[in-house]
Amino acid sequence: MTVQGNRGEDTAEARENLGAVMGRAARRLQEEHGDVEGTLQAITSSAVAVVPNAQECGITYVIGRRSVESRASTSELPKAVDALQERLGQGPCLDAVWEHEIVRVNDVGTDRRWPEFAQPARDLGVGSMMCFQLFVEGDQLGAMNLYSSIPNAFDDECEEIGLMFAAHAAVALAGAEHEEHLRIGMSSRDVIGQAKGILMERYKLTADQAFGVLSRTSQETNRKLADIAAEVTEAGAVPRRS
């Protein structure tokens, strides 16, 4: 493996190069605004380009400290490591990242914090890891995980750059999720408005009465109001109660 990074360069030039790389990464993340999956993929591919010695990257969502969901990755390796952690119930993302903003695993094969995880992870080809917390919402955690096949690949400089990038990534992800929620909300309101208009025309109801019909049907059928409205727009009538 060719070791990446700026260790042999003048410090000022290295920082200038890093600034340019970070700038390109920030622009890449901005291009995906409003697209959560696109943002997640942009984070993983950009992280490998930005953080020295990082070969692979994956985004992991952890729910209830045990259930693991791989949301984006640069290869199958991060997915395999996530599956291993979920199966064993231990690993960097399941324990330490809840309490620490950064978890660095210098040598996966000899790390004793997760004894059952260490050797199987090494067998998968992981030499070292760094995990960065992206967010914590209730019992759900989001983490960005970087991998190298070589032990001790990540030093303090790698950690500092990774933390800087993770901060940018967290902001970009939060913005994308916010825009997506707004878009879904606006779409739902449009569908509900169309359904109200259909009911008003067909049954000669007022706007409030039409909304009341949709709301009661939603409650009685235990379905989302937007789903009821969508069915009304397709069928032209209120769904039958089963």
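These figures come from a predicted structure and were not determined experimentally.

Brief notes about the sheet that holds strand β4 (residues 128-137)
Alright, step 1. Taken together, the five strands give an open sheet; going across it, the order is β2-β1-β5-β4-β3, and neighbouring strands pair in antiparallel fashion. Every other strand in the sheet has two partners, leaving β2 (67-73) and β3 (102-105) as the edge strands with one partner each. Taking the axes of each pair of neighbouring strands and ignoring which way they run, one obtains an average angle of 25 degrees across the sheet.
Alright, step 2. For strand β1 (residues 56-63) and β2, the ladder comprises six bridges, and the chain directions are antiparallel. Each bridged residue has a counterpart across the sheet, and for Ile59 the counterpart in β2 is Ala72.

Remarks on the nonpolar core
Alright, step 1. In this structure, Val51, Ile59, Leu134, Met144, Leu146 and Leu173 are the most contacted members of the largest nonpolar core, which totals 26 residues.
Alright, step 2. Residue assignment for this core shows that the elements contributing at least two residues are α2 (36-50), β1, β4, β5 (140-148) and α6 (156-203).
Alright, step 3. Counting residues per element, this core draws most heavily on α6, at seven residues.
Alright, step 4. Beyond its immediate chain neighbours, meaning those up to four positions away, Leu134 contacts Ile59, Gly142, Ala143, Met144, Ala166, Ala169, Ala170 and Leu173.
Alright, step 5. Counting 23 residues, the second largest nonpolar core, distinct from the first, contains Leu77, Leu88, Ala96 and Cys131.

Focus: the pattern of salt bridges
Where side chains of opposite charge bring their charged atoms close, a pairing between them can arise.
Alright, step 1. Counted by the stated rule, this structure contains eight salt bridges.
Alright, step 2. Its salt-bridge partner being Arg71, residue Glu37 comes within 2.3 Å of it at the nearest N-O pair. Highlighted residues: Glu37 in helix α2 and Arg71 in strand β2, separated in sequence by 34 residues.
Alright, step 3. A salt bridge links Asp111 to Arg113, with the nearest nitrogen and oxygen atoms 2.8 Å apart.
Alright, step 4. The exposure class assigned to Asp111 is buried, which follows from its relative accessible area of 12%.
Alright, step 5. Among the residues examined, Arg113 registers a relative accessible area of 44% and is labelled partly exposed.

Focus: the environment of Gly212
Alright, step 1. Its place among the elements puts Gly212 in helix α7 (residues 207-221).
Alright, step 2. Taking the C-alpha atoms as reference, Gly212 lies 9.4 Å from Lys196; in sequence the two are 16 residues apart.

Rules used in this analysis
- Residues numbered from 1 in each chain as written.
- Predicted model: local features only at pLDDT ≥ 70, side-chain atom pairs only at ≥ 80, totals over all residues.
- Heavy atoms only, no water.
- Pairing = 2+ DSSP bridges.
- Helix = DSSP H or I, 4+ residues; strand = E, 2+ residues; numbered from the N terminus.
- Axes fitted to C-alpha atoms, helices over the stretch in contact; angles between N-to-C directions.
- Core = buried A, V, L, I, M, F, W, Y, C linked by side-chain atoms within 4.5 Å.
- Buried < 20%, exposed > 50% of the residue type's maximum accessible area, 1.4 Å probe, protein only.
- Contact = heavy atoms within 4.5 Å.
- Salt bridge = Lys/Arg side-chain N within 4 Å of Asp/Glu carboxyl O.

Read these as layout, nothing more, since geometry by itself doesn't imply function.
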